[in-house]
Amino acid sequence: MPVVPGRSGGRSDLAEQSLGTLGRIAALSKSSKVEHRKRRVRQHVIADISANHVEFFALRKGFSVQRIQNDYGIDLQLATYDAKGYIENGWISVQLKATDTIKMRSKGTAVAFTADARDLRMWQKEIYPVILIVYDAKTAKAYWTYVQRYFESCRWARQSAET
């Protein structure tokens, strides 16, 4: 069938055929019990909220924040500035963990979480500071640690980083 511009209010026959096909696909989707669209799940929502939470505080302190699109163990990078507003060398890397069910330990003075051992090794070897932040979505509170300093103080962590 030839494509004729200007027919049917500016649509071509090919476009009409395509729209007809899309209509049939949409009708099939509605009648199907299986949803074929992607779904935004709670974990994605609270991950975005945790990033926004940290961005808010960093921006209020005068830092600039960049979200890392392809997350390989670092979610945000912060640039810092001196008292006159000049950028300082380096950056601070931030890894976020968001949860609805935070696990407090040591009488409420520590947070337990699961992390990939590959990330732990990478963070320990970073030149610039890495801050790990666990965000409690139910209370809108964040708990943080300076990763390299934490591991320097833990004998077992130094041993695991070497292996």
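Cut-off values and rules
- Residues numbered from 1 in each chain as written.
- Predicted model: local features only at pLDDT ≥ 70, side-chain atom pairs only at ≥ 80, totals over all residues.
- Heavy atoms only, no water.
- Buried < 20%, exposed > 50% of the residue type's maximum accessible area, 1.4 Å probe, protein only.
- Helix = DSSP H or I, 4+ residues; strand = E, 2+ residues; numbered from the N terminus.
- Arc of directions from axis to C-beta.
- Salt bridge = Lys/Arg side-chain N within 4 Å of Asp/Glu carboxyl O.
- Core = buried A, V, L, I, M, F, W, Y, C linked by side-chain atoms within 4.5 Å.
- Contact = heavy atoms within 4.5 Å.
- pLDDT = per-residue confidence, 0-100.
- Patch = residues over 30% accessible without salt bridge, like charges linked within 9 Å, V, L, I, M, F, W, Y side chains within 5 Å.
- Areas by Shrake-Rupley, 256 points an atom, 1.4 Å probe, with all protein chains shown as cover.

Quick notes on helix H3 (residues 117–125)
For H3, the complete set of buried residues consists of Asp119, Trp123 and Gln124. The buried residues of H3 occupy an angular sector of 130 degrees when the element is viewed end-on, so they sit on one face. Turned more than 90 degrees off the buried face of H3, the exposed positions are Arg118 and Lys125.

Re the pattern of salt bridges
Here the structure, examined in full by the defined rule, presents five salt bridges. One salt bridge connects arginine 67 with aspartate 48, and the closest N-O pair in it is separated by 3.8 Å. Of this pair, arginine 67 sits in strand E1 (residues 64–67) while aspartate 48 sits in helix H2 (residues 42–60), and the two are 19 residues apart along the sequence. Residue arginine 67 is classed as partly exposed on the basis of its relative accessible area, which comes to 33%. Note that glutamate 55 is salt-bridged to arginine 67, the shortest N-O span being 2.6 Å. Taken together, the residues glutamate 55 in helix H2 and arginine 67 in strand E1 connect sequence positions 12 residues apart. Given the relative accessible area of 15%, glutamate 55 is considered buried. Bridged by salt links that share partners, the residues Arg40, Asp48, Glu55 and Arg67 form one connected network.

Remarks on the nonpolar core
Counting residues in hydrophobic clusters, the biggest one holds 10 residues: Ala51, Val54, Ala58, Leu76, Leu78, Ile92, Val94, Leu96, Ile131 and Ile133. Taken together, the elements giving at least two residues each to this core come down to H2, strand E2 (76–79), strand E3 (92–99) and strand E6 (130–136). When neighbours within four sequence positions are excluded, valine 94 is seen to be in contact with Ile74, Asp75, Leu76, Leu78, Ile131 and Ile133.

Brief notes about the confidence of the model for the protein chain
Overall, the prediction assigns the protein chain a mean pLDDT of 83, with 74% of residues at 70 or greater. At the low end of the mean pLDDT range in the protein chain sits helix H1 (residues 13–31), at 56; at the high end sits E2, at 98. This stretch, residues 1–12, has a pLDDT under 50; its non-local contacts, to residues over four places away or in other chains, come to 13 contacts.

Details of a nonpolar patch on the surface
Taken together, the side chains of Trp91, Ile127 and Tyr128 make up a nonpolar region of the molecular surface, amounting to roughly 340 Å² of accessible area. Tracing the backbone through its elements, the reader meets tyrosine 128 in the loop between H3 and E6. The exposure class assigned to tyrosine 128 is partly exposed, which follows from its relative accessible area of 32%.

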